[in-house]
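# Breakdown of the fold
Take a look at the letters that make up each chain.
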Amino acid sequence: MPATVPLARTKAEIFDDLVLDTVESLERRYAKELAGVEFAVEDVPPELNVYDSDVLEDGEVPLARLLPGRPGRHELPPRIVLYRRPLEFRAMDREDLADLVHDVIIEQVANLLGVDPDELA
């Protein structure tokens, strides 16, 4: 569809839908464990000299980040951030991108919950 047609979807909207599909599937099965967990998409990772162990990388390029949250007075909920452009760059087509997004979210949720990713997939 041409971009001028209302049915046209941007790459960002398509990516957000892929994330939402996986998150909704996980939330149906793990509602209690994922209550309060935030999922976010950023176009590119922030520029940092060194990435901590909370970052899922492909080589030197971050694909996602798990921010475990902070209980207490200034409570912050756990947050999983996916970086859209690096993930899109690695995918051959939309189906491959959907699989990659699914795998990255599963990996990050497994890290958050302290379980093997195979248990969630």
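Before reading further, recall that the structure is shown in the block above.
All of the points below concern the structure found in this document. (Residues numbered from 1 in each chain as written. Predicted model: local features only at pLDDT ≥ 70, side-chain atom pairs only at ≥ 80, totals over all residues. Heavy atoms only, no water.)

## Overview of a negative patch on the surface
The grouping of D93, E95, D99 and D103 at the surface amounts to a negative patch. Mapped onto the elements of the fold, D93 is located in the loop between helix 3 (84–90) and helix 4 (94–113). Residue classification places D93 among the partly exposed residues on the basis of a relative accessible area of 45%. (Patch = residues over 30% accessible without salt bridge, like charges linked within 9 Å, V, L, I, M, F, W, Y side chains within 5 Å. Areas by Shrake-Rupley, 256 points an atom, 1.4 Å probe, with all protein chains shown as cover. Salt bridge = Lys/Arg side-chain N within 4 Å of Asp/Glu carboxyl O. Lys, Arg positive; Asp, Glu negative; His and termini not counted. Charge placed at Lys NZ, Arg CZ, Asp CG, Glu CD. Helix = DSSP H or I, 4+ residues; strand = E, 2+ residues; numbered from the N terminus. Buried < 20%, exposed > 50% of the residue type's maximum accessible area, 1.4 Å probe, protein only.)

## Quick word on the nonpolar core
In terms of nonpolar packing, the biggest core is built from 23 residues, with L26, L82, V101 and I105 touching the most fellow members. Taken together, the elements giving at least two residues each to this core come down to helix 1 (11–29), strand 3 (61–67), strand 4 (79–83) and helix 4. At seven residues, the largest contribution of residues to this core is made by helix 4. Each residue touching L26, except ones within four places of it in the same chain, is listed here: A31, L34, I105, I106, V109 and L120. (Core = buried A, V, L, I, M, F, W, Y, C linked by side-chain atoms within 4.5 Å. Contact = heavy atoms within 4.5 Å.)

## A look at the pattern of salt bridges
Pairing between side chains of opposite charge can happen when the charged atoms of each approach one another. This structure, assessed with the given rule, holds three salt bridges. The closest approach of N and O atoms between R9 and D17, which form a salt bridge, is 2.2 Å. Of the charged contacts in the structure, one is a salt bridge between D43 and R84, with a shortest N-O distance of 3.0 Å. Of the two residues, D43 sits in the loop between strand 1 (38–42) and strand 2 (55–58) while R84 sits in helix 3, which places them 41 residues apart along the sequence. Overall, the relative accessible area of 9% leaves R84 in the buried class.

## Notes on the packing of helix 1 against helix 4
Viewed as axis vectors pointing N to C, helix 1 and helix 4 meet at an angle of 45°, and their least axial separation amounts to 9 Å. Classified by the angle between their axes, helix 1 and helix 4 sit oblique to one another. Taken as a pair, helix 1 and helix 4 cross one another with a handedness that is right-handed. The residues of helix 4 that touch helix 1, namely those facing I14, F15, L18, V19, T22, V23 and L26, are R94, L97, A98, V101, H102, I105, I106 and V109. (Axes fitted to C-alpha atoms, helices over the stretch in contact; angles between N-to-C directions. Parallel < 35°, antiparallel > 145°, perpendicular 65-115°, else oblique. Left-handed = near helix turned anticlockwise from the far one by under 90°.)

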